[in-house]
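# Notes for the structure review
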Amino acid sequence: MLGRAVSMAAAMKKTKPKLESLPYLRRVRAAVGRRAQEAVAVAEAIAELAEPAMREFESSDCLAGFLAAAGFRVTRPWKDLPTAFRATAGRGRPAIGILAEYDALPDCGPRPGEWGHGCGHNLLGAASALAGIAAAELLRRLGEAGRIIVFGCPAEEALAGKVFMAARRAFSGLDAVLAWHPDGATRADIAGGAAMDSVLFRFRGRTAHAAGGPEQGRSALDGAMLTDVAVNYLREHTAENTRMHSVITDGGRAPNVVPDSAEIWYYVRGKDRKQVDELRGRVRLCARAGALATDTRLRMTVQTSNTERIPNRTLGDMLDAILHRCGPPSFTPRDVRAAAGLLPGKKYAATVDPIRTEQGRGSSDEDNVSWFAPLGRISVACVPKDTIGHHRQYAAAIRLPGAHRGMLKAAEVLAAAAVELALNRPLLKKAQAEFHKQRRGKKYDLPMPANARPPVYARPAGATSEIRNPKSEG
Ligand SMILES: [Zn+2]
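Residues numbered from 1 in each chain as written. Predicted model: local features only at pLDDT ≥ 70, side-chain atom pairs only at ≥ 80, totals over all residues.

### A few points about the overall build of the protein chain
On a plain count of helices and strands, the protein chain comes out with 15 helices and 11 strands. Principal axes of the C-alpha set define a box for the protein chain whose edges measure 80 × 60 × 45 Å. Counting the 474 residues in the protein chain, one finds 53% classified as buried. In the protein chain, the share of contacts with a sequence separation of at least 24, taken over all contacts with a separation of at least 6, comes to 82%. (Helix = DSSP H or I, 4+ residues; strand = E, 2+ residues; numbered from the N terminus. Buried ≥ 20, exposed ≤ 12 C-beta atoms within 10 Å, placed from the backbone. Contact = placed C-beta atoms within 7 Å.)

Written out as structure tokens, the structure reads:
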């Protein structure tokens, strides 16, 4: 019995990473604290801007400005993505990436029809930038090698920015990459989200007078609607974890004109690429049936495509250990009162939860990044538990002082993790060995055309392209 207990203890000890960064935690915290106010100002500015995917011009200006003022070398725009950037500090290896996002969501603003940060990406971008700044500063002061690269990633809500960035080799050559997301709980996440395809089905028919000569028309809208009917029957015969949801983005403009053009937009989700590839094929058959029945023409376009996560237990354990060492965000009575005023009955999480190993049903383009380097990811409590995501309630909660406290905690943990990866070569090697083992035999193969162009927009006329320094704006 004793022997068994000893060997179990040894096994447990083996999974608990030895952290080299712990002696520097105080300095990490101080580096985060020095620029905390600036980071909060950036987060608030981005919350006010609430810019849609691929149109985050001023939000990316804010983050790029924050990083440039701290000595980062900023490339912006990055390649053909006008709202993406890459900001680097330090020298040599390892090269540690940190992912920043900053796009908003429709119908999540304070008033109906307005955009808002219903997913907290304003906090996400600001804390990732702050983590990069703090980690780079500490490595420089310690005289240690290592590059910190903050990636400005547009259009996460469209599940697309990092897909196009990955296709342009943004994440190739990294030694490890770190990410986080605001949440109602604090924990390390290993499993990631569902694999997914975003697919447009465009129908073309023939217009006619809907009452006077309907026999001359071929309704594209009918094609789209029959597709949806067929998919609703399909649901019964797919695995329970799968998801298929749609909106009609074009369905004609008047009932008395037979629509000659219609479009239905699907998200098809499953546990991995294989399952999604199969399911997308079956949804396509439904669309073909709709086109056949209505004598319309069909075109399918895969807009964007997410993979499942390549999990990395080593980085998950490291982040879990750092989270426990740093502790969850400590919300003050004032924070709690402010949250209770906005969301009665809802409370902030006060603990660090166990590592999440169950795959989520939603998707993120951050999982695509996990195919190019070992990915470590945390969630940090920034809103009370059970705050509804992708909702104006969430967009209001991310403006509270508690949200800023959560964001600064995320920056502290990510900065400590980046320093750890730079100082602790055996741990980094272990994470990389795990990555190569998990990745072996798997092909990063998306169903999008190889030359797919990102849906970009021009910078609005009159908007400055100056890098903004939030400090000077007060
Ligand atoms: Zn999000």
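### As for the sheet that holds strand β8 (residues 243-250)
With respect to topology, four strands assemble into an open sheet ordered β8-β9-β7-β10, the strand pairing being antiparallel. Looking at the sheet topology across the chains shown, the edges are occupied by β8 and β10 (297-306). Direction aside, neighbouring strands of the sheet carry axes that sit 20 degrees apart on average. The pairing of β8 with strand β9 (residues 261-270) spans seven bridges and is antiparallel. Opposite Met244, over in β9, you have Val268 as the bridge partner. Of the strands in this sheet, β7 (195-204), β8, β9 and β10 touch helix α7 (residues 220-234), which is tilted by about 20 degrees from β9. Of the strands in this sheet, β7, β8, β9 and β10 touch helix α8 (residues 273-294), which is tilted by about 15 degrees from β7. (Pairing = 2+ DSSP bridges. Axes fitted to C-alpha atoms, helices over the stretch in contact; angles between N-to-C directions.)

### Brief notes about the domain arrangement of the protein chain
Taken as a whole, the protein chain is organised into domain 1 (13-193 + 309-473) and domain 2 (195-305). Between the C-alpha centres of domain 1 and domain 2 there is a distance of 35 Å. Contacts between domain 1 and domain 2 engage 10 residues on the former and 11 residues on the latter. Of the residues contributing to the side of domain 1 that touches domain 2, the split by class is seven nonpolar, two polar and one charged. (Domains from an automatic or database assignment. Nonpolar A, V, L, I, M, F, W, Y, C, P; charged D, E, K, R; others polar.)

### Some thoughts on helix α9 (residues 313-326)
The end-to-end C-alpha distance of α9 is 20 Å, a good match for the 20 Å that 14 residues give at a rise of 1.5 Å each. When we look at burial in α9, the residues that qualify are Thr314, Leu315, Gly316, Asp317, Met318, Leu319, Asp320, Ala321, Ile322 and Leu323. At the exit of α9 stands Gly327, carrying a positive phi of roughly 85 degrees. (Expected span 1.5 Å × (residues − 1).)

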